[in-house]
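Reading the structure
Each chain is listed here by its residues.
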Amino acid sequence: MFGIIKVLIQKRLNKKKVNHIGLNTELPGSIHKRKEGAVITIGNDCLIQGALITETETAVLTLQDNVFIGGGTVIDCVKEITICDDVLIASNCLIMDSNNHSISYSIRKKDLKDWRNNFGHDWTTTKSRPVTLGKGCWIGAHAIILKGVEIGEGAVIGAGSVVTKDVEPYSIWAGNPAKFIKMIPEEER
């Protein structure tokens, strides 16, 4: 009985953190809006089992219609992440539009102190570029999508892959770093 109540309370809290939520969308996962002003928009018929995180007051995280995000997946948005219609993201993936830390030790050495200070990290010291997952793409379990990447419509990313550059539509990529494997045949699109 208490478990059911806890789940219902979590769902209600999640919905309050989202700027717009579409019809028939379920949010059993978690929403972390670390700065007020960030915008989280979720379309119709989505199932979000993972974590959606916005780090800055200017972050824009958009999930269009019919998006699935598997358990253990983290989508961490500093600037802008867009997930288009019909995208499937398996469990335990990481999608991020920033490095999260500077490569410079002299800057990075104070990050822990900043984090302990109510997520007071200075995001201007960290490189960030938008990420887009195109309509109908599928991201396999444990994949990592890094800043500045655009995954094309209908593309497939193999399990455990690390994607560091753009992926063309209807192609299959896998590996660390992810490399082109083959095109999806016209009749399977």
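Below: a short report on this structure. Along each chain, numbering runs from 1 in the same order as the chain's sequence is written. Local features in this predicted model are restricted to residues of pLDDT 70 or higher, and side-chain atom pairs are both shown and tallied only at a pLDDT of 80 or more, whereas totals for entire chains, interfaces and linings draw on every residue. To obtain the side-chain values, all non-hydrogen atoms of the structure were included, while hydrogens and water were left out.

1. Looking at the sheet that holds strand S7 (residues 68-69)
Taken together, the seven strands give an open sheet; going across it, the order is S4-S7-S10-S13-S16-S18-S19, and neighbouring strands pair in mixed fashion. The open sheet has two edge strands with one neighbour each: strand S4 (47-48) and strand S19 (179-183). Two strands pair under a simple rule: DSSP has to find at least two bridges between them. Working definition: helices are DSSP H or I runs of at least four residues, strands are E runs of at least two. Numbering for both runs from the N terminus. Alignment of strand S18 (residues 171-174) against S19, held across four bridges, turns out to be antiparallel. Note that in S19 the partner of Ala174 across the bridge is Lys179.

2. Brief notes about the nonpolar core
By nonpolar core we mean a set of buried residues, namely Ala, Val, Leu, Ile, Met, Phe, Trp, Tyr and Cys, connected to one another through side-chain atoms within 4.5 Å. Working definition: with a 1.4 Å probe on protein chains only, accessible area under 20% of the residue-type maximum means buried, over 50% means exposed, and in between means partly exposed. Ranked by internal contacts, the top residues of the largest apolar core, which has 36 residues, are Leu52, Ile89, Leu133 and Ile151. Counting only elements with at least two residues in this core, the list comes to strand S3 (39-42), strand S6 (60-63), strand S8 (74-77), strand S9 (80-83) and strand S12 (131-133). Among all residues touching Ile89, those that are not within four sequence positions of it are Phe68, Ile69, Gly70, Thr73, Ile75, Ile83, Ile95, Leu133 and Ile139. Throughout, a contact is declared for two residues whenever any of their heavy atoms are within 4.5 Å.

3. Focus on the environment of Thr125
The topology assignment puts Thr125 in the loop between helix H3 (111-116) and S12. Exposure remark for Thr125: the relative accessible area of 26% places this residue in the partly exposed category. Through-space distance from the C-alpha of Thr125 to that of His101 is 7.6 Å; in sequence the pair is 24 residues apart. When neighbours within four sequence positions are excluded, Thr125 is seen to be in contact with Ser102 and Ile107. In this structure the side chain of Thr125 is engaged in a polar contact, spanning 2.8 Å, whose partner is the backbone oxygen of Asp122. Between N or O atoms, a polar contact is any pair within 3.5 Å; within protein, one atom must be a potential hydrogen donor and the other a potential acceptor, and residues adjacent in sequence are included only when both atoms are from side chains.

4. A short note on unusual backbone geometry
Across the junction of Asn176 and Pro177, the peptide omega takes the value -5°, indicating a cis bond. Phi angles above zero are rare outside glycine, and Asn92 is one such case at about 60°. Summarising the element assignment, Asn92 is placed in the loop between strand S10 (88-89) and strand S11 (94-96). Positive phi is not limited to glycine here, since His142 has a value of about 65°. If you trace the backbone, His142 turns up in the loop between strand S13 (138-139) and strand S14 (144-145).

5. Observations regarding the sheet that holds strand S15 (residues 150-151)
Strand order in the open sheet formed by six strands is S1-S3-S6-S9-S12-S15, and the pairing between neighbours is parallel. Only two strands of the sheet have a single neighbouring strand rather than two, namely strand S1 (20-21) and S15. Direction of pairing for S1 relative to S3: parallel, over a ladder of two bridges. When the sheet's bridge partners are listed, Ile21 is paired in S3 with Ile42.

Purely spatial values, then, with no claim about function.
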